[in-house]
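# Summary of the model geometry
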Amino acid sequence: MTLLELSGVSVHYGRIRAVHDLSLTVNEGEIVTLIGANGAGKSTTMRAISGIRPLSAGSITFAGEDITKLRADLRVVRGISQAPEGRGIFPGMTVLENLDMGAYARKDRKSLGPDLDRVFELFPRLAERKNQVGGTMSGGEQQMLAIGRALMAKPKLLLLDEPSMGLAPQFIQQIFRIITEINEQGTTVLLVEQNAQQALSRAHRAYVLETGEITRSGTGRDLLADDSIKEAYLGVG
Ligand code: ATP
C-alpha cells in the first residue's frame, strides 16, 4: 500500500526554485532513500513532507489523505515524524526530557513507558546517559537522541535527514544497522543521505535528485550496481 505520495511537487525560496515537479512514492514497510549532491534539494523535499516549507505546486498524500495544506504539527499527529538535519535536539534538556518532548503530539502519553524502553533498547547509550544534558553529548549520541526523539512520536513514517552526517565510521555503521532494525519493527522510513553506499545498500528503493529534479529511480541494489551512479555518488568509476 502506498503510504506517502508526492505528485508534481515544487518548492521555492523566494525566487530560487529548490525542487521542481517532483513525484515519488513510499510504500508501507519500505526504506526509501533519496540521494543527491549538495544543494540538490533533499532537505527541501523533507521539509515539504514534514510541512515546514509550503509547496508552490503539486500535492502530498499520506495514508490516503491529502495533507498538502496540513500544518506541520498535525502531520506529526497523523504519523509523520522527522529527525532533522543538524540533529536539532533541545541542547539544554536532558536525554529523558528530549525524548519526552518527542511524544508531545500523542494523546496516549500514559503509555510512553514501552516506547521509551524500545528507544533505550535500540540505543543503549541513551539509557546510560538519560540524565545527561543533550548539548553536552557527542555528535553521534546527539544523532541517536534525535532519532530516538522522532520515534517517541510513534510514527508510521520516519523521516531521516542525513543521519550519518559528521559521524565517525563506527557510528555510521551502527546508525544504518539501527535504521534497518527500526524498519523491521514496522516503521516505514524515508532517508536522505550523502553516504550513498550505505543508504543504497539498506534501501528497498531509491531516487536520485539532481538540481531539484528526480533523474533516476530503482531498487537500491540496481542503483548500487549502476556505473553512472557509482561514478557520481560512490566515488568510483
Ligand atoms: P545538502 O546536502 O547540501 O544539505 P540538499 O540536497 O539538502 O543539500 P537543500 O538544502 O534542499 O539541498 O537546498 C536546495 C536548494 O535550495 C539549494 O540551492 C539551496 O541553496 C536552496 N536553499 C535551501 N534553503 C534555503 C533558504 N532557506 N533560502 C534560500 N535558499 C535555500
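An unreviewed UniProt entry annotates the protein chain as ABC transporter ATP-binding protein of Amycolatopsis suaedae. Listed under Sequence similarities (unreviewed entry) in UniProt, the entry text for the protein chain is "Belongs to the ABC transporter superfamily."

What follows covers the pairing of strand β9 (residues 205-210). For β9, the tally of buried residues reaches five of six residues, placing the bulk of the element in the interior. The pairing of strand β3 (residues 31-36) with β9 spans five bridges and is parallel. Opposite V32, over in β9, you have R205 as the bridge partner.

This brings us to the environment of V77. Among the secondary structure elements, V77 is positioned in helix α2 (residues 72-78). Once the C-alpha coordinates of V77 and R106 are considered, the two residues, 29 residues apart in sequence, prove to be 6.8 Å apart. Beyond its immediate chain neighbours, meaning those up to four positions away, V77 contacts A105 and K107.

The ligand sits among 15 residues. The nearest are N38, G39, K42, S43 and T44. One of the side-chain nitrogen or oxygen atoms of N38 is found 2.8 Å away from an oxygen atom of the ligand. Within the contact set of the ligand, an oxygen atom lies 3.5 Å away from a side-chain nitrogen or oxygen of E162. For the ligand, whose free accessible area comes to 630 Å², the fraction covered by protein is 64%. If one sorts the elements of the shell around the ligand by residue count, helix α1 (residues 42-50) sits on top with four residues. Looking at the shell around the ligand residue by residue, the classes come out as five nonpolar, six polar and four charged.

Ordered in space as β2-β1-β4-β5, the four strands form an open sheet in which the pairing is antiparallel. In this open sheet, the two edge strands, each paired with only one partner strand, are β2 (16-27) and β5 (65-66). Examined bridge by bridge, strand β1 (residues 2-13) and strand β4 (residues 57-62) share five bridges and lie antiparallel to one another. Pairing of S10 across the sheet is with A57, part of β4. Along the sheet face, α1 touches β1, β2 and β4 and points at about 115° away from the line of β1.

Another aspect to go through is the side chain of T180. Within the fold, T180 resides in helix α7 (residues 169-184). Here T180 falls in the buried class, since its relative accessible area comes to 16%. Residue contacts for T180: discarding those within four places in its chain leaves I31 and R202.

Thresholds applied
Residues numbered from 1 in each chain as written. Predicted model: local features only at pLDDT ≥ 70, side-chain atom pairs only at ≥ 80, totals over all residues. Heavy atoms only, no water. UniProt positions renumbered as here; feature names shortened; annotations may be inferred. Buried < 20%, exposed > 50% of the residue type's maximum accessible area, 1.4 Å probe, protein only. Helix = DSSP H or I, 4+ residues; strand = E, 2+ residues; numbered from the N terminus. Pairing = 2+ DSSP bridges. Contact = heavy atoms within 4.5 Å. Near = heavy atom within 4 Å. Polar contact = N/O pair within 3.5 Å; in protein donor to acceptor, adjacent residues only side chain to side chain. Areas by Shrake-Rupley, 256 points an atom, 1.4 Å probe, with all protein chains shown as cover. Nonpolar A, V, L, I, M, F, W, Y, C, P; charged D, E, K, R; others polar. Axes fitted to C-alpha atoms, helices over the stretch in contact; angles between N-to-C directions.

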